[in-house]
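Now for the letters of each chain:
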Amino acid sequence: MKEENIVLATNNLDKVREINQLLHDSTYRIIPQSKFNVVEVEETGSTFIENALIKARNAAKYTNIPVIADDSGIEVVALDGRPGIFSARYAGAGATDEDNLKKLIKDIKQINEKNRYAKFICAMVYITNSDDQKPIIVEGVWEGYVITKPRGTNGFGYDPIFYIPEYKCTSAELDNEEKNKLSHRGQALRKLIEKLNKVK
């Protein structure tokens with residue numbers, strides 16, 4: 001079958017790598033938006049879905065091929081859902097993954113261990129052009145707990161402190177195959193591919 005190129009609206013190379021791994025058995029081929037010199041857009045939405053659409057429409061303006069965008073983050077119930085949509089900049093503008101991790105650890109230390117329930121959320125959208133009025137929108141949710149001592153090296157962002165009770169390990173301690181089966185991004189992408197295959 002013929003491969004179909006899709007732009008991924010992110011400059012996060014970890015996301016590019018992860019989504020390429022998830023798509024390796026499909027006919028879709030991901031091209032990072034950096035190949036088209038896409039200028040990043042400010043994420044002004046109030047939800048993950050709104051931000052994903054903002055990023056997708058922005059990338060589509062610079063390219064002439066379909067775009068996938070995702071917006072994802074972690075919500076800690078005891079912190080009223082924070083970091084939420086601010087996960088990538090929780091410690092402030094220009095914050096690194098390590099900065100954000102340290103801030104969240106500091107914030108959850110005051111919470112009783114039993115009350116550290118959290119969930120990763122990923123909203124993913126697909127559009128054929130910047131004016132697409134019928135975007136495909138899906139979401140994935142991955143439930144677990146946050147811990148205060150990072151564990152594991154296979155992952156990025158908050159993976160080292162996202163603990164999955166059934167597996168007795170953090171997201172960063174899972175191998176790629178297992179993580180892709182369970183993760184919020186893996187769930188969302190599988191739903192997206194299923195919907196795409198129905199309309200093709």
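All of the points below concern the structure found in this document.

Let's talk about the overall build of the protein
Scanning the protein from N- to C-terminus turns up 5 helices and 7 strands. Going from N to C terminus, the protein has its helices and strands arranged as β-α-β-α-β-α-β-β-β-β-α-α. For 200 residues, the compact-globule estimate of 2.2 N^0.38 gives 16 Å, and the protein sits close to it at 17 Å. The principal-axis extent of the C-alpha atoms belonging to the protein is close to 50 × 35 × 25 Å. Evaluated residue by residue, the protein yields a buried proportion of 47% over its 200 residues. Contacts spanning at least 24 positions in sequence make up 61% of the contacts within the protein whose residues lie at least 6 apart. Here the protein displays about 10,600 Å² of accessible surface, and carbon together with sulfur accounts for 48% of that area. In the protein, which carries 29 positive and 29 negative side-chain charges, the distance between the mean positions of the two groups comes to 1 Å.

What to know about the pattern of salt bridges
A complete count under the given rule lists 13 salt bridges for this structure. A salt bridge links Glu43 to Arg89, with the shortest nitrogen-to-oxygen separation between them at 3.7 Å. One end of the pair, Glu43, is in the loop between strand S2 (28-32) and helix H2 (48-62); the other, Arg89, is in the loop between strand S3 (67-76) and helix H3 (97-108), and 46 residues separate them in sequence. Look at Glu43 and you get partly exposed, because its relative accessible area is 24%. When the shortest N-O distance is used, the salt bridge between Glu173 and Arg151 registers 3.1 Å. Remark: Arg151 occurs in the loop between strand S5 (136-146) and strand S6 (162-164) and Glu173 occurs in the loop between strand S7 (169-170) and helix H4 (176-182); sequence separation between them is 22 residues.

Quick word on the nonpolar core
One finds Ile74, Leu104, Val146, Tyr158 and Ile161 to be the most contacted residues of the largest nonpolar core, which totals 21 residues. For this core, the elements supplying multiple residues, two or more each, are S3, H3, strand S4 (117-127), S5 and S6. Setting aside chain neighbours within four positions, we find Leu104 in contact with Ile74, Val76, Leu79, Pro83, Tyr90, Val146, Tyr158 and Ile161. Ranked by size, the runner-up nonpolar core spans 18 residues in total, among them Ile19, Tyr28, Tyr126 and Leu192.

Let's talk about the packing of helix H1 (residues 13-22) against helix H5 (residues 184-199)
With their axes 10 Å apart at the nearest point, H1 and H5 run at an angle of 50° to one another. One element, H1, and the other, H5, form an angle in the oblique class. Between H1 and H5 lies a crossing of right-handed hand. Here Lys15, Glu18, Ile19 and Leu22 of H1 come into contact with H5, specifically with Arg185, Gly186, Leu189 and Arg190. In terms of residue class, the contact of H1 with H5 is built from 3 nonpolar, 1 polar and 4 charged.

Some thoughts on H1
Looking at H1, one finds that the buried residues are Lys15, Val16, Glu18 and Ile19. The distance from a side-chain oxygen at the start of H1 to the backbone nitrogen of Asp14 is 2.9 Å, and the residue carrying that oxygen is Asn12.

Here we look at the side chain of Glu18
Along the chain, Glu18 falls in helix H1. A polar contact of 2.6 Å, which involves the side chain of Glu18, links it to the side chain of Arg185. The residues touching Glu18, leaving out its near neighbours within four places in the chain, are Phe156, Lys179, Asn180 and Arg185.

Quick word on the packing of aromatic side chains
One pass over the full model with this rule turns up 4 aromatic pairs. Measuring from centroid to centroid gives 6.1 Å for Tyr117 and Tyr145, while their planes differ by 80°, and the two rings are edge-to-face. Of this pair, Tyr117 sits in strand S4 while Tyr145 sits in strand S5; the two residues are 28 residues apart in sequence, bridging distant segments of the chain. Judged by relative accessible area, Tyr145 falls into the partly exposed class, the value being 32%. When the ring of Phe120 is compared with that of Phe162, the centres are 4.5 Å apart and the planes differ by 45°; the resulting orientation is tilted. Here the residue Phe120 occupies a position in strand S4, and Phe162 occupies one in strand S6, the gap between them amounting to 42 residues. There is no split in this pair, since Phe120 and Phe162 are both buried.

The rules behind these values
Residues numbered from 1 in each chain as written. Predicted model: local features only at pLDDT ≥ 70, side-chain atom pairs only at ≥ 80, totals over all residues. Heavy atoms only, no water. Helix = DSSP H or I, 4+ residues; strand = E, 2+ residues; numbered from the N terminus. Rg over C-alpha atoms; globule rule 2.2 N^0.38 Å. Buried < 20%, exposed > 50% of the residue type's maximum accessible area, 1.4 Å probe, protein only. Contact = heavy atoms within 4.5 Å. Areas by Shrake-Rupley, 256 points an atom, 1.4 Å probe, with all protein chains shown as cover. Lys, Arg positive; Asp, Glu negative; His and termini not counted. Charge placed at Lys NZ, Arg CZ, Asp CG, Glu CD. Salt bridge = Lys/Arg side-chain N within 4 Å of Asp/Glu carboxyl O. Core = buried A, V, L, I, M, F, W, Y, C linked by side-chain atoms within 4.5 Å. Axes fitted to C-alpha atoms, helices over the stretch in contact; angles between N-to-C directions. Parallel < 35°, antiparallel > 145°, perpendicular 65-115°, else oblique. Left-handed = near helix turned anticlockwise from the far one by under 90°. Nonpolar A, V, L, I, M, F, W, Y, C, P; charged D, E, K, R; others polar. Polar contact = N/O pair within 3.5 Å; in protein donor to acceptor, adjacent residues only side chain to side chain. Phe/Tyr/Trp six-rings, centres within 6.5 Å; stacked < 30°, edge-to-face > 60°.

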